[in-house]
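Commentary on secondary and tertiary structure
Each chain, written out:
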Amino acid sequence: MEPLLNGRGLIVSLIFFLLKFSTAIEIPPSVQQVPTITKQSKVQVAFPFDEYFQIECEAKGNPEPTFTWTKDGNPFYFTDHRIITSNNSGTFRIPNEGHISHFQGKYRCFASNKLGIAMSEEIEFIVPSVPKFPKEKIDPLEVEEGDPIVLPCNPPKGLPPLHIYWMNIELEHIEQDERVYMSQKGDLYFANVEEKDSRNDYCCFAAFPRLRTIVQKMPMKLTVNSLKHANDSSSSTEIGSKANSIKQRKPKLLLPPTESGSESSITILKGETLLLECFAEGLPTPQVDWNKIGGDLPKGRETKENYGKTLKIENVSYQDKGNYRCTASNFLGIATHDFHVIVEEPPRWTKKPQSAVYSTGSNGILLCEAEGEPQPTIKWRVNGSPIDNHPFAGDVVFPREISFINLQPNHTAVYQCEASNVHGTILASANVDVVDVRPLIQTKDGENYATVVGYSAFLHCEFFASPEAVVSWQKVEEAKPLEGRRYHVYDNGTLQINRTTEEDAGSYSCWVENAIGKTAVTANLDIRNATKLRISPKNPRIPKLHMLELHCESKCDLHLKHSLKLSWSKDGEAFEINGTEDGRIIIDGANLTISNVTLEDQGIYCCSAHTALDSAADITQVTVLDVPDPPENLHLSERQNRSVRLSWEAGDDHNSNISEYIVEFEGNKEEPGRWEELTRVQGKKTTVILPLAPFVRYQFRVIAVNEVGRSQPSQPSDHHETPPAAPDRNPQNIRVQASQPKEMIIKWEPLKSMEQNGPGLEYRVTWKPQGAPVEWEEETVTNHTLRVMTPAVYAPYDVKVQAINQLGSGPAPQSVTLYSGEDYPDTAPVIHGVDVINSTLVKVTWSTIPKDRVHGRLKGYQINWWKTKSLLDGRTHPKEVNVLRFSGQRNSGMVPSLDAFSEFHLTVLAYNSKGAGPESEPYIFQTPEGVPEQPTFLKVIKVDKDTATLSWGLPKKLNGNLTGYLLQYQIINDTNEIGELNDINITTPSKPSWHLSNLNATTKYKFYLRACTSQGCGKPITEESSTIGEGKYAGLYDDISTQGWFIGLMCAIALLTLVLLTVCFVKRNRGGKYSVKEKEDLHPDPEIQSVKDETFGEYSDSDEKPLKGSLRSLNRDMQPTESADSLVEYGEGDHALFNEDGSFIGAYAGSKEKGSVESNGSSTATFPLRA
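Just so it is clear, the model here is predicted, and its values are computed rather than measured.

As for the overall build of the protein
The helix and strand tally for the protein stands at 6 helices and 85 strands. For the protein, with 1171 residues in total, the buried portion stands at 43%. Sequence separation of 24 or more characterises 67% of the internal contacts of the protein that already satisfy a separation of 6 or more. By element, 50% of the accessible surface of the protein is carried by carbon and sulfur atoms, the whole surface being about 63,200 Å².

Put into structure tokens, the structure is as follows:
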């Protein structure tokens, strides 16, 4: 069913049904009817390689027909025991056994029952004989050089087609040309023989491909006598006379043969291929030409073959009849032959009698007309016998028609019409069945139909009735015939409902009624929702080489989903199911993906959906974008000294508008072949006036730009050369290079090749002391540097540089101020004092040096310091100098990251661009005690139900005299609730462990340990552990601990822990991170904020989680730590810790004591909270 809105589909559907309904009525098998031949053989050939030969004849009828045969017009009985017959069939087989040639003949099959006899067309059964050349002795042929000769083939008769070949005994083809020709009958003609034609193995081969047989004629010997070999035994007079016997002669036709005269007639059937052949002997070899007398040869269908000797006309029509002439000619004369071509045709039907069903008392007519050449004769038969033997009262019989009046049941018969001429006979049969029967509905009762909303529905009610019947349809629940333009009932009973709606669903009844009676069936109609499609994205624009992805979203009725099939096409051509073999185009159901899109992928893409009932489609226009084609036809005009007009033609923009053009030039003498951008032009313009520089030989090219990118450059334009001129500008960036005292090395940026404007470029340099009433000194150089000696160190000078060439000077130069070379500072600052801020930070003050002692531009001051000894153990340290610089004019600075409780030496010096001056006298100072670093480790070495023993290690740096430890602990468990913090002051510095008692059983604790000096306690180290259970739980653990399986489990856990620790260690050495932040967030230290305030340079995490409880300081009696250094106070803040190139100086230029600057990896510890 096709959608109503689809006009093309509706027209096709209507034509289909109209054709179907106009065909002859098919009588149901249950109704009595005359026999009808349904299958029969045509020509049957008994090939020797077949196992059997089957001659077919099948028929239908009611009653079941019986079969008889005739052979060559006589009754044929299956008396030969070899014949195999079939039940209820006229077909029989002849096995390929023994002699079967007597079966050859023309057979006809007759199928008969009590109502009539059906007759088949003649079936010819051919038993071909095996073709053979006769055994014969062929006498040798001997001819003189130049004579004509014909070698006959005379092939045996056999089953066509026949192919003839002339070959030698080595099966090499005899070469044919204008002189040698094989006729259609197979004879080999020579227009004039030559000596090379002599051979004793001319063999004619006849091939019968349908018989798979090739036969060979006995070889023939041909001898050509040449006169030049006669001189051995003949006199010169004899040789001359023989030479005269080889005479040139005019053409004489060998084909057609002489006995046929100057003209002949040929009859050809319409539609076949006409072959006319002419061959003439003569010397020189004649040429053959063809023409049609009184007309032209048919163009397009005629060809001349075999060097013009054969005229071939394909698909002959009546227009091709007439006279054709062949003309053979050489310079001595001509020979002609005329062919009178007659075009005839076997019989063909123009009107065939049609079978029909009639009711008693009705009238009818049978027509039978045929054409052919000659005109066919028409003969009528009834049940296989001449109609004269079966007269009916009232029937009118003419050669081309039979009329029936008041038909009766005894008129029921099979009528045969034969049309014959000399070229064949054709047979047509028509069944006349006179039947009176109540309507028989052939469509099943209760058939279910379905269509979609808006489409047409077709409900079938095929029937057979005689006399004619009336068909009516009605909806079952309405019980009245359907009326309205939307309903149409066809002659065969089918109901068409147009523009269906959901209300059309339901059951329908078909009633068929004639004079004998009436019959009815029901049909059920379901209405489905129409299928809908949408392609996304709509009309995409995609750059070349990108990926295109199209999606086809479909929606169809649930009942149709199983039959839904999607397909894709482009510009009307369907894609393969899965895309292309190379995988560039992939189709996955509703998705179409194209990789590396090319311009050929542009077009209209269609997604089609087909279900069992309807179809839908949606399209999208895909536009492929690409960079533009290069501009073309560059042209220069309006040529001036400093400008020229450039014009061009735009190339294809490939679906993306050109936004601009880039004009490039080439002409730099220093870099020939290098293209540089000159200007840009808006995309709508294709001409521009270009500003030019003097003394340049220009060439231009243009690049087009669109949203995808740049085109390839265009072909270069013609050259354009500008004349020289004086410079337009002077050098820039005039400066002094690092030089010696009382010296200036003046440098500048030289003019580029495009800026020189002419030959002979030089630079005029002038200078004088700034503010001095003296004349300018001057020097002209060709390079871009000049060395000038000065009487003073670091003195200011006014300097000018001007460009000049052979055509003049550049513009008046601007004066710049430069300084002569610097020297080192020659005096040292005096240190006023060192103020100790805390145990790691001091402030140094000094006196600045006089300006005249700097001998250059002062860049700043440098502090050098080194540690001499530790005050804790009195050990001296090797000298490792640390450096910290402070830029600018200043007299103080902060020195950070010192070791506590130590002695240091310190010096200060000034430095300028030349370098550093002398150091001051060393200043000695000492740092006070500080708080220790955290202990190196803290372990819970033993735990019981209410006790725990802890052990720890000394801090790496004590930073003073150790006075003891502060041990704290609290209950943490696994919730946000925390227990009260308990303190224990351990006053024995040498004690490395502590035993805690009165703990809660089966409870998790967190322990904090700090080392302390007289200045306070340092950062804590932490550890967590749980006590074991009470009473029976402890006993249970004791019992379990003695079980073998428990010991094995513990060993496995220990091994797994060792593996995990190894992995963590490797990860940490590779720069990995441990996820400890969550634990720190759960149990943060109470003084985390104060430590962050005191410690600079450490990472600060502001994402802290709120905890229940209150904060209190662990250092109730402790003083603030002395590490609250801030780098902002060192030097001059933002600048003090950075040198001139922006690098950090605070990391010290010299070496330092290990660990004096870096923070310890475990120094960021968690702090306890008190609930």
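On we go from here.
Quick look at the pairing of strand β46 (residues 518-528)
On any regular strand, side chains alternate: one points to one face of the sheet, the next to the other face. With 6 bridges joining them, strand β39 (residues 447-452) and β46 adopt parallel strand pairing. Paired with Glu 447 across the bridge in β46 is Ala 523. One ladder, built from 8 bridges, connects strand β45 (residues 506-513) with β46; its direction is antiparallel. Note on β46: the bridge partner recorded for Ser 509 is Thr 522. Adjacent in sequence and paired antiparallel, β45 and β46 are bridged by 4 residues.

Considering the nonpolar core
In this structure, Leu 151, Trp 166, Leu 188, Phe 190 and Tyr 202 are the most contacted members of the largest nonpolar core, which totals 26 residues. Listed by contribution, the elements that provide at least two residues to this core are β13 (149-151), β14 (163-167), β15 (180-182), β16 (188-190), β17 (199-208) and β19 (220-225). If you tally residues by element for this core, the top one is β17, at 4 residues. Ala 46, Ile 94, Val 127 and Val 414 belong to the second largest nonpolar core, which has 23 residues in total.

Description of the state of the cysteines
All chains considered together, the criterion is met by 7 disulfides. Covalent S-S linkage joins Cys 153 and Cys 204, the inter-sulfur distance amounting to 1.9 Å. Between Cys 153 and Cys 204 the disulfide shows an S-S torsion of about -70 degrees. By sign, it is left-handed. One end of the pair, Cys 153, is in the loop between β13 and β14; the other, Cys 204, is in strand β17, and 51 residues separate them in sequence. No difference in accessibility class separates Cys 153 from Cys 204, as the two residues are buried. Here Cys 368 pairs with Cys 417 through a disulfide, and the sulfurs are 1.7 Å apart. With the S-S bond torsion at -80 degrees, the cross-link from Cys 368 to Cys 417 turns out left-handed. Taken as a pair, Cys 368 in the loop between β30 (364-367) and β31 (369-373) and Cys 417 in strand β36 (residues 413-421) lie far apart in primary sequence, 49 residues in all. As far as burial versus exposure is concerned, Cys 368 and Cys 417 are alike and both buried.

Let's talk about the sheet that holds strand β43 (residues 487-489)
Strand order in the open sheet made by the 3 strands is β40-β44-β43, with antiparallel pairing throughout. Each edge of the sheet is formed by a strand with only one pairing partner; in this case those strands are β40 (457-459) and β43. Between one strand and the next, the sheet's axes are offset by a mean angle of 20 degrees, whatever the strand orientation. In this sheet, strand β44 (residues 495-497) lies alongside β40 in antiparallel orientation, the contact comprising 3 bridges. Of the residues in β44, the one forming a bridge with Phe 458 is Gln 496.

Quick word on the pairing of strand β47 (residues 532-536)
Residue alternation in β47 divides its side chains into a buried set, Leu 533 and Ile 535, and an unburied set, Lys 532, Arg 534 and Ser 536. Sheet topology note: the β47/strand β49 (residues 548-555) ladder contains 5 bridges and is antiparallel. Within β49, the position partnered with Lys 532 by the bridge is Lys 555.

Re the packing of aromatic side chains
All chains considered together, the criterion is met by 27 aromatic pairs. Taking 6.2 Å as the distance between ring centres and 20 degrees as the angle between the ring planes, the aromatic pair formed by Tyr 1005 and Phe 1007 counts as stacked. Considered together, Tyr 1005 and Phe 1007 belong to a single accessibility category, that of buried residues. Ring pairs connect the aromatic residues Trp 69, Phe 76, Phe 78, Phe 92 and Tyr 107, which therefore count as one cluster.

What to know about unusual backbone geometry
Of note, the amide linkage connecting Ser 466 to Pro 467 takes the cis form, showing an omega dihedral of 5 degrees. Counting through the fold element by element, Pro 467 comes out in the loop between β41 (463-466) and β42 (470-475). Going from Ser 536 to Pro 537, the amide bond is cis rather than trans, its omega being -5 degrees. Position of Pro 537 relative to the elements: it lies in the loop between β47 and β48 (541-543).

Details of the environment of Arg 199
By the secondary structure assignment, Arg 199 is in strand β17. For the pair formed by Arg 199 and Met 220, sequence separation is 21 residues and the distance between their alpha carbons is 8.3 Å. Setting aside residues no more than four positions away along its own chain, Arg 199 makes contact with Asn 168, Ile 174, Met 220, Lys 221 and Leu 222.

What about the sheet that holds strand β56 (residues 632-637)?
The strand order across the open sheet formed by 3 strands is β56-β57-β60, and the pairing between neighbours is antiparallel. One side of each edge strand has no neighbouring strand; the edge strands of this open sheet are β56 and β60 (687-691). Across this sheet, the average inter-strand angle for adjacent strands is 25 degrees, counted without regard to direction. Relative to β60, strand β57 (residues 643-649) runs antiparallel, the two sharing 5 bridges. In the strand pairing of β60, Leu 646 is matched with Val 688.

Considerations on empty space enclosed by the protein
Following the criterion strictly, the structure yields 1 cavity of 30 Å³ or more and no others. Along its surface, the largest cavity is lined by Val 940, Val 943, Ala 948, Leu 999, Tyr 1005, Phe 1007, Ser 1025, Ser 1026 and Thr 1027. Contributions of two or more residues to the lining of the largest cavity are made by β78 (938-943), β83 (1004-1013) and β85 (1021-1026). Counted by class, the lining of the largest cavity contains 6 nonpolar, 3 polar and no charged residues.

Here's the deal with the environment of Thr 817
Relative to the helices and strands, Thr 817 is located in strand β70 (residues 816-819). When the C-alpha atoms of Thr 817 and Ala 795 are compared, they prove to be 10.0 Å apart, with 22 residues separating the residues in sequence. Thr 817 has contacts with Gln 770, Pro 796, Tyr 797 and Asp 798, leaving out every residue within four places of it along the chain. For Thr 817, the side chain forms a polar contact with the side chain of Gln 770, separated by 2.8 Å.

Considerations on the pattern of salt bridges
Evaluated as defined, the whole model comprises 45 salt bridges. The salt bridge involving Arg 108 is made with Glu 122; its shortest N-O contact spans 3.8 Å. Placement of the pair is Arg 108 in strand β9 (residues 105-113) and Glu 122 in the loop between β10 (116-119) and β11 (123-126), with a sequence separation of 14 residues. By relative accessible area, which is 12% here, Arg 108 ends up buried. Between Asp 626 and Lys 544 there is a salt bridge, and its shortest N-O distance comes to 3.5 Å. With Asp 626 in the loop between β55 (615-625) and β56 and Lys 544 in the loop between β48 and β49, this pair connects stretches of sequence that are 82 residues apart. Taking relative accessible area as the criterion, Lys 544 reaches 31% and is therefore assigned partly exposed. Where salt bridges share partners, they join Arg 108, Glu 122, Arg 381 and Glu 418 into one cluster.

A look at a negative patch on the surface
Residues Asp 629, Glu 632, Glu 649 and Asp 652 make up a contiguous surface patch of negative charge. Of note, Asp 629 is situated in the loop between β55 and β56. According to the relative accessible area criterion, Asp 629 is partly exposed, its value standing at 31%.

What counts and how
Position numbers for residues start from 1 in each chain and track the written sequence from start to end. At least 70 in pLDDT is required for a residue's local features to be given in this predicted model, at least 80 for side-chain atom pairs to be given and counted, and no such filter applies to totals for whole chains, interfaces and linings, which use all residues. Remark: hydrogens and water are excluded; side-chain values derive from all non-hydrogen atoms of the structure. Runs of E in the DSSP output that reach at least two residues are strands. Runs of H or I that reach at least four are helices, and both are numbered from the N terminus. Here the term buried applies to any residue with accessible area under 20% of the maximum for its type, exposed to any over 50%, and partly exposed to those in between, with areas from a 1.4 Å probe on protein chains only. Should any heavy atoms of two residues lie within 4.5 Å, those residues are counted as being in contact. Here the Shrake-Rupley method, with its probe set to 1.4 Å, supplies the accessible areas, and only the displayed protein chains count as covering residues. Two strands qualify as a pair provided DSSP detects at least 2 bridges between them. Residues grouped as a nonpolar core are buried Ala, Val, Leu, Ile, Met, Phe, Trp, Tyr and Cys residues, joined through side-chain atoms within 4.5 Å. Any cysteine sulfur atom paired with another within 2.5 Å is treated as part of a disulfide. Note on definitions: angles span 0 to 180 degrees between N-to-C directions of axes, and those axes are lines fitted to C-alpha atoms, for helices only across the stretch in contact. Pairing of aromatic rings covers Phe, Tyr and the six-membered ring of Trp, with a centre-to-centre limit of 6.5 Å; geometry is then stacked below 30 degrees between planes, edge-to-face above 60, and tilted otherwise. A pocket here means an open set of points on a 1 Å grid, computed over the protein atoms alone, that has protein on both sides within 12 Å along at least five of seven lines. A cavity is instead a set of points where a 1.4 Å probe fits but cannot get out; residues with an atom within 4 Å of a point line either one. Grid points are joined across faces, edges and corners, and a volume is the space filled by probe spheres set on the points. Each residue is assigned to one of three groups, with Ala, Val, Leu, Ile, Met, Phe, Trp, Tyr, Cys and Pro labelled nonpolar, Asp, Glu, Lys and Arg labelled charged, and all others, Gly among them, labelled polar. N or O atoms closer than or at 3.5 Å make up a polar contact, with two conditions inside protein: a donor-capable atom paired with an acceptor-capable one, and, for residues adjacent in sequence, both atoms drawn from side chains. Any carboxyl oxygen of Asp or Glu that lies within 4 Å of a side-chain nitrogen of Lys or Arg is treated as forming a salt bridge with it. Patches in this entry comprise residues that are over 30% relatively accessible and not in a salt bridge; like charges within 9 Å are linked, as are nonpolar side chains (Val, Leu, Ile, Met, Phe, Trp, Tyr) within 5 Å. Positive charges come from Lys and Arg, negative ones from Asp and Glu, while His and the chain ends are left out of the count. A single reference atom marks each charge: NZ on Lys, CZ on Arg, CG on Asp, CD on Glu.

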